[in-house]
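Listed below, chain by chain, are the residues.
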Amino acid sequence: MFTVSAMVGLSLGEKQFIKGGIAQDLRTDGRKRSTYRPIFVETGVIPQANGSARVMIGATEVIASVKAELGRPNPSHPDKGKLSIFVDCSPTAEPSFEGRGGDDLASELSLALERCLLGGKSGAGAGIDLASLSIVEGKVCWDLYIDGLVISSDGNLLDALGAAIKAALSNTGIPKVQVASGASPDELPEVDISDEEFLQFDTSRFPVIVTLTKVGSHYIVDATSEEESQMSSALSVSVNREGQICGVTKRGGAGLDPSVILDMIYFAKTISEQLINKLDSQIAAAEACEEDDS
Amino acid sequence: MAGKGGATPATYAPSPSTKKDKKKPSTFADADWVRPDGRSFHQCRPAFLKTAAVNSASGSAYAEFGSTKVIVSVFGPRESKKAMMYSDVGRLNCNVSYTTFATPIRGQGADSKEVSSVLHKALEGAIILESFPKTTVDVFALVLESGGSDLPVIISCASLALADAGIMLYDLITSVSVSCLGKNLVIDPLPEEESNQDGSFMIACMPSRDEITQLTLTGEWSTPKINEATQLCLDACKKLGKIMRSCLKEAVSGGSQEEEL
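Residues numbered from 1 in each chain as written. Chains lettered and ligands numbered in written order. Predicted model: local features only at pLDDT ≥ 70, side-chain atom pairs only at ≥ 80, totals over all residues. Heavy atoms only, no water.

Student: Lay out the overall build of chain A with the relevant residues and their values.
Tutor: Across its full length, chain A carries five helices and twelve strands. Its C-alpha radius of gyration of 20 Å places chain A within 12% of the 19 Å reference for a compact globule of 294 residues. Along the first, second and third principal axes, the C-alpha atoms of chain A reach 75 × 45 × 40 Å. When contacts within chain A are restricted to residue pairs at least 6 apart in sequence, those whose partners lie at least 24 apart make up 69%. If you sum the accessible surface of chain A, you get close to 12900 Å²; carbon and sulfur atoms cover 50% of it. Averaged over its 25 positive side-chain charges, chain A has a centre that lies 9 Å from the centre of its 42 negative ones. (Helix = DSSP H or I, 4+ residues; strand = E, 2+ residues; numbered from the N terminus. Rg over C-alpha atoms; globule rule 2.2 N^0.38 Å. Contact = heavy atoms within 4.5 Å. Areas by Shrake-Rupley, 256 points an atom, 1.4 Å probe, with all protein chains shown as cover. Lys, Arg positive; Asp, Glu negative; His and termini not counted. Charge placed at Lys NZ, Arg CZ, Asp CG, Glu CD.)

Following this line, the structure appears as structure tokens:
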């Protein structure tokens, strides 16, 4: 369901080749099991949004945009803003995304992203501190809408989307808001949105997602869709800079031994350090590039 | 919500839990607090399980874990819908719904689409789909009362219903969740605990094969804590597996039973 395995037409020989290569730590594109494809980040690609980014990992390409709107906080959390993640899988990327196939994948990806990036109920481990989105407690807050779009799909969509959201959030400027004083407590306070001053998010604690795909008895990072079609199961682990695990989701039906799962989580933690550094330098480079242009 | 000064509230919404919630987080952070139902941190609620709860279904089960009450029916294997393509392995279709009266506020059950997809992923690894090509097995779960840890109860109950329907399984699936509250790990959490948790951890596993089919984790966890939670869940899953097995045996000889985990 999660993969587009049905669309990858592979012969028995090709399947054997992929599996054999992974077993010998030399994958079809020459990578090792723990090597990522080159990652490329571009920020500020959508002028209409408060923040946006395009991330390419090999042939996989995704866009994330962040839109902020004023809204009312949830009555159960009056001191917090709201954040929602939606993913859209356009059929332009892959014919199988048309109709239900795309919807299923999209909802599964959004669910996995929410689980990996938004933290627990009390807000522990969240990538973004929702309390920072509050303007007037119980009255006005920012609603942050994060939209992901899959433009081209060649495996490892979740990691790419996670990286794109991180880049888009560090690119996001939330307008500064002045609250008119003297409004009575019952009415909605008047707010004045500044169009010059912007607040930046602190994304240093934002986790990255590392998906480990198990093919045969080995697991690999950054699987292409050909490799994903041969997977028995995959574990997506989100890790923040402190090395804390912020979310885990498993996909693929096959069962895994508990010790293998703990091994994979530990491995993901090691990999994530390099990935965070690589991503941060890419984001910084993209931001610098954007400033030069403007 | 206008919280202040209302002598006569405009609308009446019974919300017994919201008042308490505001005070609770401070107590949950303490090293030793007492759980709302007086259990110890690593103690599960008493479970009541019964198979053949619905007559018209091929197999069904009813589970009651504390106040969480779930009924699951399994239909099939029956012919897949005409629109479906030919498939040489069977299909599994899962659907979870909440009754409108399952929650304190009417119709506030969890998103059924999300729950259904997790249920599907938890079960598909245990079913021998090759044993019924071209056909579909439907698993319909209904949450009668949502009393915390709904999803693990649904998963365990569904696997019991599948077994009752005579669907070929590699093993029963049992599922247990753990909440992280402050420094403590709390097994089989209640709604009050779930709404204040710092992190949640859920495992669905095949106890006799010692394989994990589904695992979800949210919040912030260190690796030693994940180890601890996994051990805790697996132990509880093993015990639950034994209870489910004896429930199935009991069903053959007649009668049902209640046991404490």
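Student: Tell me about the pattern of salt bridges, residues and numbers included.
Tutor: Enumeration over the complete set of coordinates arrives at 24 salt bridges over all chains. We note a salt bridge from A:K166 to A:D280, for which the minimum N-O separation is 3.7 Å. Of the two residues, A:K166 is situated in helix α3 (residues 157–170) and A:D280 in helix α5 (residues 258–293); the sequence distance between them amounts to 114 residues. The shortest N-O distance in the salt bridge between B:E145 and B:K69 comes to 2.9 Å. In this pair, B:E145 sits in strand β5 (residues 135–145) while B:K69 sits in strand β3 (residues 68–79), placing the two residues 76 residues apart along the sequence. Using a relative accessible area of 31% as the deciding quantity, one classes B:E145 as partly exposed. Here the salt bridges do not stand alone but share partners, grouping A:R27, A:D29, A:R31, A:R37, A:D154, A:D222 and A:E227 into one network. (Salt bridge = Lys/Arg side-chain N within 4 Å of Asp/Glu carboxyl O. Buried < 20%, exposed > 50% of the residue type's maximum accessible area, 1.4 Å probe, protein only.)

Student: Break down the packing of aromatic side chains for me, with residues and values.
Tutor: Overall, the coordinates contain four aromatic pairs over all chains when judged by the stated rule. Plain terms: the ring middles of A:Y219 and A:F267 are 5.5 Å apart, the flat faces sit at 55° to each other, and that makes the pair tilted. Placement of the pair is A:Y219 in strand β10 (residues 218–221) and A:F267 in helix α5, with a sequence separation of 48 residues. Classification of A:F267 as partly exposed rests on a relative accessible area of 25%. With a centroid separation of 5.7 Å and 50° between ring planes, the pair formed by B:F201 and B:W221 is classed as tilted. Pair noted here: B:F201 is in strand β8 (residues 199–206) and B:W221 is in strand β9 (residues 211–221), with a separation of 20 residues, a long-range link. Each member of the pair B:F201 and B:W221 is classed as buried. (Phe/Tyr/Trp six-rings, centres within 6.5 Å; stacked < 30°, edge-to-face > 60°.)

Distances and angles like these do not, on their own, reveal function.
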